[in-house]
Amino acid sequence: RWPSTRMALMTGRPSNEAREWCAANQVEYLVKPVSQSSFERVWGLRKARAFVVHGRSEPALRLAKRLLKALGIRAVVLMDCANRGRTVIEKFEKVAESCDCAIVVLSPDDVGRLASDRMGRRRFRARQNVLFELGYFYGLLGRRNGTVVLLEFGEVDIPSDLGGIVRMNAKLPWSSLCASLKKELAHILG
């Protein structure tokens, strides 16, 4: 009857059935608590925002920001945000709640090994802050709705309990990478 009216389903009891129905019927699916920022994005009052979690690789960070810009998503980088007298964790929490998704740049910035590995085989790892922030967004945004995406820049050892999070090879050609990310984030692009 009103085909141009945007609809949203807001629930405190998430289910795959409801999520799938919403996706099939172009209805926004929101899980309580829903922030003011989420409402603003759903009703078209602002662009989608992606929190960019990153380590020390400047080229990787620049690529992630370019990808998001190409998709019309505002990249939010914590170090670019004002401190306003807050501690790092207070600033992180406030900025994170204003974002619709998280792009996690996994670059081989650190080296580590298991203490029990007598051969001393080292593995490349993401920075500890990257894994902390990844876990935070895993809990905040959820794993199943595709709002946490890992961009992998080379071989990076990650915890096995992060299986199921969307992972993308950042070394793919630009057009393939853009198309893949656009597909994964289509539900927040409107």
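Residues numbered from 1 in each chain as written. Predicted model: local features only at pLDDT ≥ 70, side-chain atom pairs only at ≥ 80, totals over all residues. Heavy atoms only, no water.

Caption draft 1: Here's a closer look at the layout of surface pockets. By volume, the second largest pocket is sized at about 300 Å³. The wall of the second largest pocket is formed by 13 residues, among which Arg74, Cys81, Arg84, Val95 and Ser98 lie closest to the centre. Sorting the residues of the lining of the second largest pocket by element identifies strand 4 (74-76) and helix 4 (88-97) as the ones contributing at least two each. At three residues, the largest contribution of residues to the lining of the second largest pocket is made by strand 4. Class assignment of the residues belonging to the lining of the second largest pocket gives a composition of six nonpolar, one polar and six charged. (1 Å grid on protein atoms, 1.4 Å probe; cavity = no way out; pocket = protein on both sides within 12 Å on 5 of 7 lines; lining within 4 Å. Points joined across faces, edges and corners; volume = space filled by probe spheres on them. Helix = DSSP H or I, 4+ residues; strand = E, 2+ residues; numbered from the N terminus. Nonpolar A, V, L, I, M, F, W, Y, C, P; charged D, E, K, R; others polar.)

Caption draft 2: Summary view of the pairing of strand 2 (residues 28-31). Taken together, the four bridges between strand 1 (residues 8-11) and strand 2 define a ladder with parallel strand orientation. By the bridge assignment for strand 2, Ala8 is matched with Glu28. On the question of chirality, the crossover connecting strand 1 to the parallel strand 2 by way of helix 1 (residues 16-24) is right-handed. (Pairing = 2+ DSSP bridges. Right-handed = clockwise from strand over helix to strand, strands pointing away.)

Caption draft 3: Layout of the sheet that holds strand 4. A sheet is described by the order of its strands in space; here five strands give the open sequence 4-3-5-8-9, paired in parallel fashion. Of all the strands in the sheet, just strand 4 and strand 9 (166-169) have a single pairing partner and so form its edges. Pairwise comparison of adjacent strand axes, ignoring direction, gives a mean angle of 25° for this sheet. Taken together, the four bridges between strand 8 (residues 148-152) and strand 9 define a ladder with parallel strand orientation. Residue pairing in the sheet places Leu151 in a bridge with Met168 of strand 9. Strands strand 3 (49-53), strand 4, strand 5 (101-106) and strand 8 of the sheet are contacted by helix 3 (residues 58-71), whose axis makes an angle of about 170° with strand 3. (Axes fitted to C-alpha atoms, helices over the stretch in contact; angles between N-to-C directions. Contact = heavy atoms within 4.5 Å.)

Caption draft 4: Fine view of the packing of helix 3 against helix 6 (residues 174-184). Viewed as axis vectors pointing N to C, helix 3 and helix 6 meet at an angle of 65°, and their least axial separation amounts to 10 Å. The interaxial crossing formed by helix 3 with helix 6 has right-handed handedness. Of helix 6, the residues touching helix 3 (which contributes Leu63, Arg66, Leu67, Leu68, Ala70 and Leu71) are Trp174, Leu177, Cys178, Leu181 and Lys182. Among the residues making up the contact of helix 3 with helix 6, the classes are represented as nine nonpolar, no polar and two charged. (Left-handed = near helix turned anticlockwise from the far one by under 90°.)

Caption draft 5: Structural view of the pattern of salt bridges. By the definition in use, this model includes six salt bridges. Among the salt bridges present, the one from Asp110 reaches Arg127, with a minimum N-O distance of 2.9 Å. Here Arg127 lies in the loop between strand 7 (123-125) and helix 5 (128-141) and Asp110 lies in strand 6 (residues 110-112), a separation of 17 residues in the sequence. When the shortest N-O distance is used, the salt bridge between Arg125 and Asp157 registers 3.6 Å. Residue Arg125 is located in strand 7, and its partner Asp157 is located in the loop between strand 8 and strand 9; the two are separated by 32 residues in the primary sequence. Through salt bridges with shared partners, one network takes in Arg123, Arg125 and Asp157. (Salt bridge = Lys/Arg side-chain N within 4 Å of Asp/Glu carboxyl O.)

Caption draft 6: Summary view of the environment of Arg167. Inspection of the secondary structure puts Arg167 in strand 9. Of note is the side chain of Arg167, whose polar atom sits 2.5 Å from the side chain of Glu152. (Polar contact = N/O pair within 3.5 Å; in protein donor to acceptor, adjacent residues only side chain to side chain.)

Caption draft 7: Here's a closer look at the packing of aromatic side chains. Counting across every chain of the model gives six aromatic pairs. Here the aromatic rings of Phe92 and Tyr136 are separated by 4.8 Å at their centres, their planes lie at 70°, and the arrangement is edge-to-face. One end of the pair, Phe92, is in helix 4; the other, Tyr136, is in helix 5, and 44 residues separate them in sequence. By relative accessible area, Phe92 is classed as buried at 2%. Taking the centre distance of 5.8 Å and the plane angle of 90° together, the rings of Tyr136 and Phe137 count as edge-to-face. Among the aromatic residues, those joined into a cluster by ring pairs are Phe51, Phe92, Phe132, Tyr136 and Phe137. (Phe/Tyr/Trp six-rings, centres within 6.5 Å; stacked < 30°, edge-to-face > 60°. Buried < 20%, exposed > 50% of the residue type's maximum accessible area, 1.4 Å probe, protein only.)

Any link to function would need more than the numbers given here.
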